[in-house]
Amino acid sequence: MEQKGSNQRLVKVTNQHLIIKEVRARRQMSRSDLAKVLKLSNPSVSKHVDDLIAKGLLVETGSMVTDVGRRPIMLQFNGRHGCVAVVDLSSNDARLCVADLLGNKLEYSRVEGGQMITVESIDRIIVTLRDMLSNLGNRCGPLIGVCIGAPGIVEPETGRIQWSARIEDYENLDLRGRFEKAFDAQVIIKNDINLAVVGERIFGAGGGLESMLLLSIDAGVGLSAIIGGKLYEGIRGLACDLGVLLNDSEEILDLDMDGRSYMPHLIERRVNIYSLTDSVRAMLDEGRESVLREWVTENDDLTFDDIARAYGMNDPMTVRVVRRYAKRVAILCKNLSSLFDVELILLGGMIAKLGSSFLSELLGFYSILPGYGSSELKLSKLFDSAVIFGGIDTATQYAIDRIIGQEGAE
């Protein structure tokens, strides 16, 4: 049935979104096919389609032979109408990508940085992005959106950085303003892990599921959630801030009422890659035999990559430590499964480098833990590209929303 209501503009915008969604999903459709699928009248569909063509989002691609010999005009989504840019600040080196509205990557670059993100590094990113856009030539239309994946707590509506351990002077840094001034385009700022779960859902291991979590384990521990097919950020951008949760124990009850005394008991401290590295280093300090000694000359120089390499070689000492660590991660996953009741929990971040053997260990412990949580566990498919892919989808959706919201030429 065709939608009706007093708010005709809302109906128009809603129907145009539905048309774009169907055409993008099926690659090409005729007006009559759209009318059948969306249960709208042919005149209504034609009116909306004409408006979307005028806005540059749809193009007519000619006719197609059918069984009855008629040749309806086919419609395609115009991926070259404009381009979007993504700036991934999740690692020391910023990753930059420019893509068309179909998600095709057109330009990619890295900007060297450091642990801290400074105003100077942001300015270098802006210069590099300008160069990337100038290299596009006629491959795509103008820049219509920029999505930035930032490490820290981001206010969902404004994109304001509320807290970040890596962004220098984040309270006074107008990140959105700097990019809007430089590019005269819509700028969206999201938490990097939140963008990663969007990327995994659309392009990676998520497979379009309606409910899933991404548990990212690096130097910190991050969590992001897709609930009901949408990213869940909470009202202030604080949802799924797993790193600040406390590991309940009798020892905590005896601590002084001082916030700092609780820091060693944060879940993040118990599960991050440093906790694993510290455990392996302690075994080396005790003089345990390990293949690690073949290339690690100083125990203090041990890195997570060293551990991943030794684990892949089935080094007995490393395997024992990783197996114990897997129990901690399994407990965390079981708790998350019971709490969120999602279809899938993805493991991302550096921990995914431990590969399928680690996942098998994890599943073994996960399956015997008490509780009804039964979410499937998988490793991330996109790894460090997840933020880029999530940013492309997010920027594209925002761009489409903005274009559809503009008054048409009718």
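Up top you'll find the structure we're talking about.
Below: a short report on this structure. (Residues numbered from 1 in each chain as written. Predicted model: local features only at pLDDT ≥ 70, side-chain atom pairs only at ≥ 80, totals over all residues. Heavy atoms only, no water.)

**Description of the pattern of salt bridges**
And step 1. Taken as a whole and assessed by the stated rule, the structure comprises 15 salt bridges.
And step 2. Between Arg-95 and Asp-384 there is a salt bridge, with the nearest N and O atoms lying 3.8 Å from each other. Residue Arg-95 is located in strand 5 (residues 94-100), and its partner Asp-384 is located in the loop between strand 15 (376-379) and helix 13 (386-405); the two are separated by 289 residues in the primary sequence.
And step 3. Its relative accessible area of 6% is what places Arg-95 among the buried residues.
And step 4. Measuring nitrogen to oxygen at the nearest pair gives 3.1 Å for the salt bridge that ties Glu-233 to Lys-190. Highlighted residues: Glu-233 in the loop between strand 13 (230-232) and helix 7 (250-253) and Lys-190 in strand 10 (residues 186-191), separated in sequence by 43 residues. The pair formed by Glu-233 and Lys-190 is uniform in burial state, with each residue classed as buried.
And step 5. Taken together, the salt bridges that share partners define one network made up of Lys-12, Asp-51 and Lys-55. (Salt bridge = Lys/Arg side-chain N within 4 Å of Asp/Glu carboxyl O. Helix = DSSP H or I, 4+ residues; strand = E, 2+ residues; numbered from the N terminus. Buried < 20%, exposed > 50% of the residue type's maximum accessible area, 1.4 Å probe, protein only.)

**Regarding the sheet that holds strand 13**
And step 1. Reading across from one edge, 13-12-11-14-15 is the order of the five strands in this open sheet, with mixed pairing throughout. Looking at the sheet topology across the chains shown, the edges are occupied by strand 13 and strand 15. With strand direction ignored, the average angle separating the axes of adjacent strands in the sheet is 25 degrees.
And step 2. When strand 11 (residues 212-217) meets strand 14 (residues 344-348), the two strands line up parallel, connected through five bridges. Looking at strand 14, one finds that Met-212 is bridged to Leu-344. (Pairing = 2+ DSSP bridges. Axes fitted to C-alpha atoms, helices over the stretch in contact; angles between N-to-C directions.)

**Structural notes on the sheet that holds strand 7 (residues 143-150)**
And step 1. Read from one edge of the open sheet, five strands run 6-5-4-7-10, paired in mixed fashion. Both outer strands of the open sheet, strand 6 (105-111) and strand 10, are each paired with one neighbouring strand and no more. Along the sheet, successive strands turn relative to each other by an average axial angle of 15 degrees, direction set aside.
And step 2. Set on the sheet, helix 4 (residues 119-134) makes contact with strand 4 (83-88), strand 5, strand 6 and strand 7; between it and strand 5 the angle comes to about 30 degrees.
And step 3. With respect to the sheet, helix 5 (residues 175-183) is in contact with strand 4, strand 7 and strand 10, its orientation differing from that of strand 10 by roughly 150 degrees. (Contact = heavy atoms within 4.5 Å.)

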